[in-house]
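Descriptive structure summary
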Amino acid sequence: MKVYITGIAGVLGSNLANFLVSKGYKVTGNDIVRKEEAWRIECIDKIDYQWKSSNDLCRRDLVNVDILFDCGIGVADRPLGNSSPFYTVYNNIEPALRILEVARRMKKKPILVYASSFNSLYGRVSEEYSENTPVCPSSIYGWTKGAVENLYLTYHRAFNIPVIVVRVGSAYGPKMRSDELIGRLIIYALKNRKFYLRSPESKRLWTYAKDVLDFYERLIEKKDECTGKILISAGNKEDEIVTNIEIANLIKELTRSNMVIEKGEYEPGEIINGKPVSFSINAEYSRRLLNWKPRYSLKEGLVETIEWFRENLWRYK
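Because the structure is a prediction, the values reported are computed rather than measured.

Some remarks on the overall build of the chain
Scanning the chain from N- to C-terminus turns up ten helices and 17 strands. A globule of 317 residues ought to have a C-alpha radius of gyration of about 20 Å, and the chain, at 19 Å, matches this closely. Principal-axis analysis of the C-alpha atoms gives the chain an extent of 55 × 45 × 40 Å. When the 317 residues of the chain are sorted by exposure, 55% land in the buried category. Within the chain, counting contacts between residues at least 6 apart in sequence, those at least 24 apart form 79% of the total. Summed over all atoms, the accessible surface of the chain reaches about 14200 Å², with 48% contributed by carbon and sulfur. Taking the average location of the 48 positive side-chain charges in the chain and that of its 40 negative ones, the two points are 3 Å from each other.

Below, the structure is given as structure tokens:
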């Protein structure tokens, strides 16, 4: 089976590449990162690495591809994703449109898997979210993720392109981006630096990278059954949903750090009717379909992630 990965040098893309190559898949992909700087990809010499943007994909790139994983993050989550609307809308939507248009013009159409969001898709308080919960974002970033979901599903209905939407709940793990909350917290904690924490009481559902990879492996095995569906790969062993201040204090405890945590302002969309965003999860449909359930607790994943950052702290000034 031939697999194509957009954003292959990123966290999700590189982990998928390493994992799928180890399973014997033929992997190719693109990223805007130079090949010599794509340090997250351990199997770099075993893949066809294309140094270019998804905006420049053409039919030649996807010839004989069986499944494409759209892992190009475009614009990262908070705070830039909310504070720069024009940048966010363009960079999160245009690449997806390019991928869909290339696939539409191909005789053999690959299955397209869109790595969406989970936490950012909703702007309600104290509600249970499932695969069927209507998207109701309260941020520009969340709107773009929901819009691209609908774009993929519309192309599926209009042009019979096989697509699958996967909602990931704030994935984290070794090699994760340093501008995402857990990565930044760990780096600041290990360096005993003061941390400015935005939206302290808003909640997040975190998912460990190894559980995400297990989900995708099962998805590939049942890809035909999953076509046209929205699935949720979010969760941890206890489906523990924590506030930002709780995850900050847990990381401080696990690293035995003297880090000072300063509570900051709430970002746009993080306060709904005077209350911080909170929710619960119901992903029974996805878990039953793929016979998948998260194996790692939040703490177990954090311990492994902290150890990796401790050994690789030299990468971060």
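A few points about the packing of aromatic side chains
A ring pair, where both rings are aromatic, is described by two values, the distance of the centres and the angle of the planes. Throughout the structure, instances matching the rule amount to 17 aromatic pairs. Arranged with centres 5.9 Å apart and planes meeting at 10°, the rings of Trp-39 and Trp-308 form a pair that is stacked. Taken together, the residues span a long stretch of sequence, with Trp-39 in the loop between strand 2 (26-31) and strand 3 (48-51) and Trp-308 in helix 10 (residues 298-311) at a distance of 269 residues. On the numbers, 5.0 Å between centres and 90° between planes, the contact of Trp-308 with Phe-309 is edge-to-face. Classification of Phe-309 by relative accessible area gives buried; the value is 0%. We note Arg-193 situated over the ring of Tyr-188; from NZ or CZ to the ring centre the distance is 4.4 Å. When the ring centre of Trp-39 is taken as reference, the NZ or CZ atom of Arg-315 above it lies at 4.1 Å.

Details of the state of the cysteines
Summed over the entire model, instances satisfying the criterion amount to zero disulfides. You can see Cys-71 has no disulfide; the closest cysteine sulfur is in Cys-43, sitting 13 Å from it. On the basis of relative accessibility, which here comes to 12%, the residue Cys-71 falls in the buried class. Lacking any disulfide linkage, Cys-226 is separated from the closest cysteine sulfur, that of Cys-71, by 16 Å. Judged by its relative accessible area of 0%, Cys-226 is buried.

With respect to the nonpolar core
The biggest cluster of nonpolar side chains holds 36 residues, and the ones touching the most others in it are Ile-5, Ile-41, Ile-47, Phe-69, Val-113, Tyr-216 and Leu-219. Going through the elements one at a time, strand 1 (2-6), helix 1 (11-22), strand 4 (67-70), strand 5 (111-116), strand 7 (163-167), helix 6 (209-221) and helix 9 (284-290) are the ones with two or more residues in this core. A total of six residues in this core trace back to one element, the largest contributor, which is helix 6. The contact partners of Leu-219, leaving out residues within four places of it in the chain, are Phe-69, Val-113, Ile-164, Val-166, Cys-226, Leu-231 and Leu-290. If you look at the next biggest cluster of nonpolar residues, it comprises 29 residues, including Ile-186, Ala-189, Tyr-208 and Phe-309.

Here's the deal with the pattern of salt bridges
Within this structure, the stated rule accounts for 18 salt bridges. Across the pair Glu-42 and Lys-175 runs a salt bridge whose closest N-O atoms are separated by 2.6 Å. Here Glu-42, found in the loop between strand 2 and strand 3, pairs with Lys-175, found in the loop between strand 8 (171-172) and helix 5 (181-190); they are 133 residues apart in sequence, far enough to count as distant. Because the salt bridges share partners, they merge into one network encompassing Glu-101, Arg-104 and Arg-105.

Remarks on the sheet that holds strand 2
Here seven strands make up an open sheet; going across it, the order is 3-2-1-4-5-7-12 and the pairing parallel. Of all the strands in the sheet, the pair left with one neighbour each is strand 3 and strand 12 (230-232). Averaged over all neighbouring strand pairs, the angle between strand axes comes to 20°, with direction disregarded. The pairing of strand 4 with strand 5 spans four bridges and is parallel. Of the residues in strand 5, the one forming a bridge with Phe-69 is Val-113. This element, helix 1, spans strand 1, strand 2, strand 4 and strand 5 of the sheet and lies at about 165° to strand 1.

Let's talk about helix 4 (residues 140-159)
For helix 4, spanning 20 residues, the distance from its first C-alpha to its last is 28 Å, which sits close to the expected 28 Å at 1.5 Å a residue. Residues of helix 4 that are buried include every one of Tyr-141, Gly-142, Thr-144, Lys-145, Gly-146, Val-148, Glu-149, Tyr-152, Leu-153 and Tyr-155, and no others. Buried residues belonging to helix 4 abut strand 4, helix 2 (80-83), helix 3 (85-104), strand 5, strand 7 and strand 12. Just downstream of helix 4 lies Asn-160, where phi reads positive at about 60°.

Let's talk about helix 3
In a regular helix each residue adds 1.5 Å, so 20 residues correspond to 28 Å; helix 3 covers 28 Å between its end C-alpha atoms and thus fits that length. Residues Thr-88, Asn-92, Pro-95, Ala-96, Ile-99, Leu-100, Glu-101, Val-102 and Ala-103 constitute the buried set of helix 3.

Scoring rules and cut-offs
Residues numbered from 1 in each chain as written. Predicted model: local features only at pLDDT ≥ 70, side-chain atom pairs only at ≥ 80, totals over all residues. Heavy atoms only, no water. Helix = DSSP H or I, 4+ residues; strand = E, 2+ residues; numbered from the N terminus. Rg over C-alpha atoms; globule rule 2.2 N^0.38 Å. Buried < 20%, exposed > 50% of the residue type's maximum accessible area, 1.4 Å probe, protein only. Contact = heavy atoms within 4.5 Å. Areas by Shrake-Rupley, 256 points an atom, 1.4 Å probe, with all protein chains shown as cover. Lys, Arg positive; Asp, Glu negative; His and termini not counted. Charge placed at Lys NZ, Arg CZ, Asp CG, Glu CD. Phe/Tyr/Trp six-rings, centres within 6.5 Å; stacked < 30°, edge-to-face > 60°. Lys NZ or Arg CZ within 6 Å of the ring centre and 35° of its normal. Disulfide = S-S within 2.5 Å. Core = buried A, V, L, I, M, F, W, Y, C linked by side-chain atoms within 4.5 Å. Salt bridge = Lys/Arg side-chain N within 4 Å of Asp/Glu carboxyl O. Pairing = 2+ DSSP bridges. Axes fitted to C-alpha atoms, helices over the stretch in contact; angles between N-to-C directions. Expected span 1.5 Å × (residues − 1).

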